[in-house]
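Residue-level structure breakdown
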Amino acid sequence: MNRSITTTSPEQTQDIARSLAEATKAPAIICLYGDLGAGKTTFTKGFASHFGLEEKDIKSPTYTFVREYEVGKLKLFHFDFYRIEAIDELIQHDLEEIFTRKDAIILVEWPERIEEILPSKRTNVWLEHVGDNQRNIKIMPPDELS
Ligand code: ADP
Ligand code: MG
């Protein structure tokens, strides 16, 4: 079942993301679905703040698809596949290696671009633009927030 939340500011979206982060233990994969400007990177900033990372440190990865952060014994990976054209063998191999790491928490923007190699055990987040500052957020499974 979905839990749906409407936020009215980027800060509020970050708060939701932070509570998901509080409830998340490695290994975990969080897939962020939504159009450009829906708030996927904003969500990631909020999520990462729980691990002591600063908002300005979190930028969408562009050419390499990934940014990696060390937080104590954990690794936080932030992927953005908006610009990926094809999943070649090298990328597939690297991703499969990262997706099976026990110490990783992984956030993925544009997961639909690599759907065929995403593990089924993951959390999906849908962000939808409703109005200027309004976003609808659905998290599945939603248990993490209760
Ligand atoms: P994406 O990564 O999905 O393309 P971004 O997070 O980069 O989206 O951009 C979202 C933009 O929308 C930011 O400029 C942010 O400040 C703005 N925004 C306005 N209201 C909200 C909200 N409620 N939640 C998230 N972002 C919002
Ligand atoms: Mg983004």
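Since we're looking at a predicted model, the values are computed, not measured. (Residues numbered from 1 in each chain as written. Chains lettered and ligands numbered in written order. Predicted model: local features only at pLDDT ≥ 70, side-chain atom pairs only at ≥ 80, totals over all residues. Heavy atoms only, no water.)

Attention now goes to the packing of aromatic side chains. Taken as a whole and judged by the stated rule, the model has 7 aromatic pairs. When the ring of Phe65 is compared with that of Phe81, the centres are 5.8 Å apart and the planes differ by 35 degrees; the resulting orientation is tilted. In this pair, Phe65 sits in the loop between helix 2 (40-49) and strand 3 (66-71) while Phe81 sits in the loop between strand 4 (74-80) and helix 3 (89-99), placing the two residues 16 residues apart along the sequence. Overall, the relative accessible area of 16% leaves Phe65 in the buried class. The class for Phe81 is buried, based on a relative accessible area of 1%. Residues Tyr82 and Trp110 carry aromatic rings whose centres are separated by 5.0 Å and whose planes lie at 40 degrees to one another, so their mutual orientation is tilted. With Tyr82 in the loop between strand 4 and helix 3 and Trp110 in the loop between strand 5 (104-109) and strand 6 (123-131), this residue pair connects regions lying 28 residues apart in the sequence. (Phe/Tyr/Trp six-rings, centres within 6.5 Å; stacked < 30°, edge-to-face > 60°. Helix = DSSP H or I, 4+ residues; strand = E, 2+ residues; numbered from the N terminus. Buried < 20%, exposed > 50% of the residue type's maximum accessible area, 1.4 Å probe, protein only.)

Let us now look at the site of ligand 1. Lining the immediate environment of ligand 1, one finds 17 residues, of which Thr13, Gly37, Lys40, Thr42 and Asn133 sit closest. Between ligand 1 and Thr7, the relevant distance is 3.0 Å, taken from a nitrogen atom to a side-chain nitrogen or oxygen of the residue. Between an oxygen atom of ligand 1 and a main-chain N or O atom of Gly37, the distance comes to 2.8 Å. In isolation ligand 1 has 580 Å² of accessible area, and contact with the protein removes 75% of it. Of all the elements in the fold, those that place two or more residues in the shell around ligand 1 are helix 1 (10-22) and helix 2. Counting residues per element, the shell around ligand 1 draws most heavily on helix 2, at 3 residues. Across the shell around ligand 1, the residue classes break down as 3 nonpolar, 9 polar and 5 charged. (Near = heavy atom within 4 Å. Polar contact = N/O pair within 3.5 Å; in protein donor to acceptor, adjacent residues only side chain to side chain. Areas by Shrake-Rupley, 256 points an atom, 1.4 Å probe, with all protein chains shown as cover. Nonpolar A, V, L, I, M, F, W, Y, C, P; charged D, E, K, R; others polar.)

What follows concerns the coordination of the magnesium ion (ligand 2). Distances from the magnesium ion (ligand 2) to its protein donors, Thr41 (OG1) and Glu109 (OE), fall at 2.1 to 2.2 Å. Note that Thr41 is positioned in helix 2 and Glu109 in strand 5, a separation of 68 residues in sequence. Overall, the relative accessible area of 3% leaves Glu109 in the buried class. (Donors = N, O, S within 2.8 Å, 3.2 Å for Na, K, Ca; no water.)

Another point: the layout of surface pockets. For the largest pocket, the calculated volume is near 290 Å³. Around the largest pocket sit 17 residues that line it, and Pro27, Ala28, Ile29, Lys121 and Arg122 are the ones nearest its centre. With 3 residues, strand 2 (residues 28-33) is the largest single contributor of residues to the lining of the largest pocket. Classifying every residue of the lining of the largest pocket by side-chain character gives 10 nonpolar, 2 polar and 5 charged. Taken as a whole, the second largest pocket spans an internal volume of roughly 180 Å³. Lining the second largest pocket are 15 residues, and of these Leu36, Thr41, Ser60, Asp80 and Glu109 lie nearest its centre. No other element matches the 3 residues that helix 2 contributes to the lining of the second largest pocket. (1 Å grid on protein atoms, 1.4 Å probe; cavity = no way out; pocket = protein on both sides within 12 Å on 5 of 7 lines; lining within 4 Å. Points joined across faces, edges and corners; volume = space filled by probe spheres on them.)

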